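Given next are the chains, with one letter for each unit.
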Amino acid sequence: MILLRRYGTLLALALIIVIFAIASPHAFGTVANLVNITQQMALLAIVAIGATLVMVLGEFDLSVSSVVSWAGIASVALFGTGLGLPAVIALVLVSSLLMGSISGFLVARFSVPSFIATLAFGTVIGGFTFWVSNGATLFSGIPPAFRDLGRGMILGIPVPTLWLAGVAVIFWLLLDQTEFGRRLYAIGGNREAARLVGLPVRRDMVVAFALCAGLSGLAGLLLTARLGSAHPTGGGGYLLQAYAAVFLGMTAFREGEPSIPGTLVGAAIIAVISNGLTILGVPSFLQDVMTGAIILAAVLIRHFGRDGD
Amino acid sequence: MTEASGTGPFLALSGLIRHFGATKALDGADLVIEAGSVHALVGENGAGKSTLIKTLSGLYQPGGGSIRLDGADIAIDGPKAAEALGFRFIHQELNLVPHFDAVGNAWIGRRHPRRGPFLDHRAMRRRVAEIAARIAPDLPLDRPAIRLTPGQRQMAEIVRALIEPARLVVMDEPTSSLSEGEAERLHKVVRRLAEEGTAVLFISHRLDEVLELCGSYTVLRNGRTVGAGPIAGIDRAGLVALMSGGASDHAAVDPMRDRSAPPAGRSERPGALFSADLAFGPANARFTLEARPGEIIGLYGLVGSGRSSLLKILWGASVARGTITIAGRKLVGGPADRIRKGIAYVPEDRRREGFAATLSIEDNLALAHLADFRAVAAVPISSRGKIRQFAAGVGARLRLVAARLDRSPMTLSGGNQQKLVFGRWLGRTIRVLLVDEPTRGVDVGAKAEIHAEMRRIAAESASVIMATSDIEELLALSDRVLVLQTGRLIAELGGTTLTRSAVVAAAFGHAPSPSGPAVPRPSEEFIA
Amino acid sequence: MRAGIFALALAGLAASATAASATDIAVLTAFQSSVTTNQMINVFEAKAKEAGWNTTVVDTRGDMGQLASRIEDVVAAKTGAIVLVSVDPKLIQDQVNAAAAAGIPVIAIDGATAPGVVLNVTSDNFELGTKLSDFLFEKLGHKGNIVKYYYSAHPGVHQRELALDEALKKNPDIKVIADHYMVVPGPIDDARKTTEDLLKSKGDEIDAIWAAWDEPAIGAQLAIEADKPDSKIIIAGIDGNPQAIELIKACSHIKGTVSQDFDAMAGLAADGLTKILAGTKPEKPELYAPAKLITPESLGVTCP
């Protein structure tokens, strides 16, 4: 029972996979499909890892989806001006980091509640994105080399999966194994204490928001590479799912704090449910009901589990 | 751990000044600490101890005076600078990150041991374990702070303080939330630190503890140092006299005190007897209280004594075991029920608990009993006219200085905000008035008016129960004073025994034996 | 405990979903909230039922990334055929290619032709746009100011916009004095708000509203009805949306809609798919459903 409470979310993921595999051994339960799921969850997980950084601080960044859309549109628009691949990627990532720094600065320096600051700034980014794209889906002029960044396989592993693996390892090390990561957790745990011991609270917050937006930018680039097109609201679906992944992840381990491994578990649950239910032919509205119910169940059980700790 | 060179003191603060507006938090405070000594810093609430510590930790910059370390003038311009000097602070409200364990907490804000760019968790733990082995061998190093006991949290803070060489450890009321056993442990650790050459500045309200543990003392009053020296040269009474001001142990009769109505006659007035028989606070000891109509009871005690919690319990806003009755009828339910029974409450933190800044002054006045302002009794729609009329009446009675009553209470001065919180109860009969810090941050004029109002309410046959840390106010208004310590009743003072020094002596007294002092009333059966 | 909840729920779903042995058809769209897309899906589902197929409808609410993932899923599930509704297959070309490579036929309704797509059943959107523009300009006497409500993200709707541009070239006295890129989902409300604002700023200048499909037209009608009921502004859209037809009958400001025959489109798609599943390739990669103009006159109503 204690084990269930502590690692219930992980067990649930395993169980969901097993059940789907039994229900659909030839479609879901194949190695190819499981590998495919890692590719499908990759972009969501990258955005969610960014959100995790901000959640560690006890803040929210609601502009992640706007930055994803922005990065997609901006990259195609920049290819249109004839810039080379490295220049486009660098410009898009730098612009994303900058957007995050602005949100972070508003929150850290002026104590604007992050919910409001990022909602408002995200709307600004969204407007900017529409302006650049004229509202249209952009798809001309994308070089094939760019498309290869988001599709295909290397050694049998889908490229988006490799991106996710790299991002997850780097940010897991950053959050768990460096002073910067410790500081973020300390600020999130007790901001006053962090200030009293002289931590650079504001600077760290700005960096965390910037990294969050940077990862959203990266996800936007990869999404565009995967689809070969960019839609001005292409990132819209990521906001809620990313935070759902972080919240699910918080229930996955004992500490109940946002963490990179937890977020990966959360993103995997969401991706597996979508994939499995589609393969089983369950209509999409029912998928939403299931996903929402699972998040609620995980959080509630966590809450009741606390009493026994 | 370096010994101070020569024979001069290790740390000397002299003539420190720090003003906040008109308030002189520090007004020429001196403090001299020898290396390896345990030095006590004592004083009443508001004597300037916290400000002094915050100056040492670099959070405040002094407006005057000097800080000399090892004989050289220094400036401390921030927490980092204080840390670099080897100063460590264990604040009253503990500053641990709740989900970090002792190891994680110990390294916050410090240069972590590393291997390449990554943390060396093993080295981190090893260093913490070394220190814990010396200080607190049974401290669980892997448990999140949130699941440690208060005593363990103190130990975790001390371990944290010693991760890097410390020259001075400042402890602000470290034993206020600890059990006797935990406090003993802490004392041992403090002695140990001193033996190792680390100076300890120990702030405590428990004078017995101070006399037993510390080697020297400094007493602050009104931001000034009024006495200092070796503990061997002073006793309890001496410390109390220094803290309360003047060696006089006679009751200084306050000129503001209303002696016209002798308390003896008050119990015969019409009104309702209010009584409580409770157990609450960390001590969870039995506490009984009886308030007679027309009587003003003062609650006094140091920070953490449970004055405010007691009022909140009486108000039904927090729960405790026991019973509360008015006119012999048991009170059940929360504040709404209390309001119906004629009880009123004025909270301590008026901005946070007293009013809604988003509503107008008149709406705030009407808030607690909106049903009285209905245009038609059966329809829950307020009549603006009735509210206006009520607000204007209250404003006149309290001499509320407001540009317009339909503006936000944030447009009022502190004194007038306080009057507003009082005023909302004036529309109906008050049988019991519970007041927490009636005049904190209020100017002299408004203070007198609020005092007059409280006397008037009492004169209209209400019992008034007032918690205050302002001893002048306590003496000026109270017929009777109950002194509390961690939820225990330490002393009841009234009539001729109600003197300034008696109150201070009681409040600073050592925690009594678990059985408590003789409760001066026959005990009834206790309902758990 | 938690695991138990999942187990029960999933086992139930799994049981219900795996029982079928008929041909599985995956119907995928990103725009099911649109009335006409929904109508096509409904008609197609009805036809599929007659044919004995098992359909699953997946809607990703405007999210193309999700749509790509869901296509990968149904390809993994080796579905019998993929039907894309109101989606340009070119925007998810990789996934369409993967489906084709797996031998799964892909057809589009109201979409576009693309490599790997066996059949696209649609209206000629350029033709629809031309019909709408000509009708509106005729009504205005080839002179006046119009407002344009458009949505370039949808390939078909974008064609109508191009047709308008073409028509505007031939009618130099028609001026577009305002345009608005529609918010989807929620175009009716968006059009209503936009129209309200435009009525305030340019109410007296507007002669007509050109709506790329009927939902913006309905929103515009709602705004005019509320804020400026006596104005002479006329509105026209495309689709033959039932609500728009009602409004035309009721002599509202909507004076015309170019009807796409969605039922026919879905029917043609189902017929086409039957042949494809039987192994015959359709003669043409694109089939057009007929279009007709609906006006008060064609509905037999006389308006004042």
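All values reported here derive from a predicted model rather than from experimental measurement.

(A) Local environment of the overall build of chain A. Scanning chain A from N- to C-terminus turns up 13 helices and two strands. The C-alpha atoms of chain A give a radius of gyration of 19 Å, which matches the 19 Å a tight globule of 309 residues would have. When its C-alpha atoms are laid out on the principal axes, chain A stretches across 60 × 60 × 35 Å. Within chain A, buried positions represent 58% of all 309 residues. Considering only contacts in chain A between residues 6 or more positions apart, those separated by 24 or more positions represent 78%. As displayed, chain A offers around 11700 Å² of accessible surface, 73% of which is attributable to carbon and sulfur atoms. Taken together, the 15 basic and 12 acidic charged side chains of chain A have centroids lying 2 Å from each other.

(B) Focus on the confidence of the model for chain C. All names here are of chain C. When the pLDDT values of chain C are averaged, the result is 87; 93% of them are 70 or greater. Ranking the elements of chain C by mean pLDDT puts helix 1 (residues 2–18) last, at 49, and strand 8 (residues 208–211) first, at 96. Every residue in residues 14–21 scores below 50 in pLDDT, and together they form six contacts with partners more than four places removed in sequence or on other chains. If you check the scores for this complex, the pTM reads 0.70 and the ipTM reads 0.75.

(C) How the structure looks around the pairing of strand 4 (residues 64–69) of chain B. Residue and element names in this part refer to chain B. Where strand 1 (residues 11–20) meets strand 4, five bridges bridge the pair, whose relative direction is antiparallel. What sits directly across from Ile 17, in strand 4, is Gly 64. Relative to strand 5 (residues 72–74), strand 4 runs antiparallel, the two being bridged by three bridges. In the strand pairing of strand 5, Leu 69 is matched with Ala 72. Following strand 4, the chain reverses through two residues before pairing antiparallel with strand 5; Asp 70 in that reversal takes a positive phi of roughly 50 degrees.

(D) Summary view of the sheet that holds strand 9 (residues 168–172) of chain B. Residues and elements named next belong to chain B. Taken in spatial order, the six strands of this open sheet run 6-9-10-3-11-12, and their pairing is mixed. Every other strand in the sheet has two partners, leaving strand 6 (87–90) and strand 12 (224–230) as the edge strands with one partner each. Between one strand axis and the next, the sheet turns by 15 degrees as a mean value, whatever way the strands run. Bridge count for strand 6 against strand 9 is four bridges, and the pairing is parallel. Looking at the pairing, Arg 88 lines up with Val 169 of strand 9. Running at roughly 165 degrees to strand 6, helix 5 (residues 150–162) makes contact with strand 6 and strand 9 of the sheet. Packing against the sheet, helix 6 (residues 180–195) makes contact with strand 3 (38–42), strand 9 and strand 10 (199–203), and its axis sits at approximately 145 degrees to strand 10.

(E) Fine view of the interface of chain B and chain A. Opposite the 24 residues of chain B that make contact, chain A presents 18 residues. Approximately 2000 Å² of surface area, both sides summed, lies buried where chain B meets chain A, with 62% of it carried by carbon and sulfur atoms. In this structure, the salt-bridge partner of Arg 114 of chain B is Glu 179 of chain A, at a minimum N-O distance of 3.9 Å. On the surface where chain B and chain A come into contact, there are five residue pairs in polar contact (both at pLDDT 80 or more). Of all the secondary-structure elements, those providing two or more residues to the side of chain B that touches chain A are helix 2 (79–84) and strand 8 (118–119) of chain B. For the side of chain B that touches chain A, the class distribution of residues is eleven nonpolar, seven polar and six charged.

(F) Seen up close, the packing of aromatic side chains. A complete count under the given rule lists 17 aromatic pairs over all chains for this structure. An angle of 45 degrees between the planes, with centres 5.6 Å apart, marks the rings of Trp 70 of chain A and Phe 128 of chain A as tilted. With Trp 70 of chain A in helix 3 (residues 64–80) and Phe 128 of chain A in helix 5 (residues 114–133), this pair connects stretches of sequence that are 58 residues apart. For Trp 70 of chain A, a relative accessible area of 10% gives the class buried. A network of ring pairs unites the aromatic residues Phe 130 of chain A together with Tyr 150, Tyr 151, Tyr 181 and Trp 213 of chain C as a single cluster. Above the face of the Phe 100 of chain B ring, Arg 182 of chain A is positioned so that its terminal group lies 4.5 Å from the ring centre. Against the face of Tyr 60 of chain B rests Arg 18 of chain B, its NZ or CZ located 4.8 Å from the ring centre.

(G) Spotlight on the UniProt feature "transmembrane region" (unreviewed entry) in chain A. What UniProt calls "transmembrane region" (unreviewed entry) maps, in this numbering, to residues 39–57, 115–133, 153–175, 205–223, 235–253 and 260–279 of chain A. Between the C-alpha atoms that bound residues 115–133 of chain A the distance is 27 Å, and the span itself is 100% helix and 0% strand.

(H) The state of the cysteines, seen in detail. Residues and elements named next belong to chain C. This structure, assessed with the given rule, holds one disulfide over all chains. Cys 251 shares a disulfide with Cys 303; S-S distance 1.8 Å. An S-S torsion of about -90 degrees defines the bridge between Cys 251 and Cys 303 as left-handed. One end of the pair, Cys 251, is in the loop between helix 9 (242–249) and strand 10 (254–260); the other, Cys 303, is in the segment after strand 12 (291–294), and 52 residues separate them in sequence.

(I) Representation of the arrangement of the chains. There are two pairs of chains in contact here; the most contacts are made by chains A and C. There is no contact between chain B and chain C; across them, the least C-alpha separation is 25 Å.

(J) Looking closely at the pattern of salt bridges. Tallied over the full model, the rule gives 47 salt bridges over all chains. The partner of Glu 449 of chain B in a salt bridge is Lys 419 of chain B, and the shortest N-O contact between them spans 2.5 Å. Of the two residues, Glu 449 of chain B sits in helix 15 (residues 444–459) while Lys 419 of chain B sits in helix 14 (residues 414–423), which places them 30 residues apart along the sequence. For Lys 419 of chain B, a relative accessible area of 5% gives the class buried. Connected through shared salt-bridge partners, Arg 147, Asp 148 and Arg 151 of chain A together with Asp 94 of chain C make up one network.

(K) Summary view of the pairing of strand 4 (residues 106–109) of chain C. All names here are of chain C. Of the two faces of strand 4, the one carrying Val 106 and Ala 108 and the one carrying Ile 107 and Ile 109 are both buried. Where strand 3 (residues 81–85) lies against strand 4, four bridges are found, and the strand directions are parallel. The partner of Val 83 across the bridge, within strand 4, is Ile 107. The handedness of the strand 3 to strand 4 crossover, carried by helix 4 (residues 93–101), is right-handed. In this sheet, strand 5 (residues 117–122) lies alongside strand 4 in parallel orientation, the contact comprising four bridges. Bridge assignment links Ile 107 to a residue of strand 5, and that residue is Leu 119.

(L) The arrangement of unusual backbone geometry in detail. The phi torsion at Glu 437 of chain B lies on the positive side, around 50 degrees, for a residue other than glycine. Tracing the chain through its elements places Glu 437 of chain B in the loop between strand 19 (432–436) and helix 15. Positive phi values are uncommon outside glycine, yet Cys 251 of chain C reaches one of about 60 degrees.

What counts and how
Residues numbered from 1 in each chain as written. Chains lettered and ligands numbered in written order. Predicted model: local features only at pLDDT ≥ 70, side-chain atom pairs only at ≥ 80, totals over all residues. Heavy atoms only, no water. Helix = DSSP H or I, 4+ residues; strand = E, 2+ residues; numbered from the N terminus. Rg over C-alpha atoms; globule rule 2.2 N^0.38 Å. Buried < 20%, exposed > 50% of the residue type's maximum accessible area, 1.4 Å probe, protein only. Contact = heavy atoms within 4.5 Å. Areas by Shrake-Rupley, 256 points an atom, 1.4 Å probe, with all protein chains shown as cover. Lys, Arg positive; Asp, Glu negative; His and termini not counted. Charge placed at Lys NZ, Arg CZ, Asp CG, Glu CD. pLDDT = per-residue confidence, 0-100. Pairing = 2+ DSSP bridges. Axes fitted to C-alpha atoms, helices over the stretch in contact; angles between N-to-C directions. Buried area = accessible area lost by both parts, 1.4 Å probe. Salt bridge = Lys/Arg side-chain N within 4 Å of Asp/Glu carboxyl O. Polar contact = N/O pair within 3.5 Å; in protein donor to acceptor, adjacent residues only side chain to side chain. Nonpolar A, V, L, I, M, F, W, Y, C, P; charged D, E, K, R; others polar. Phe/Tyr/Trp six-rings, centres within 6.5 Å; stacked < 30°, edge-to-face > 60°. Lys NZ or Arg CZ within 6 Å of the ring centre and 35° of its normal. UniProt positions renumbered as here; feature names shortened; annotations may be inferred. Disulfide = S-S within 2.5 Å. Right-handed = clockwise from strand over helix to strand, strands pointing away.

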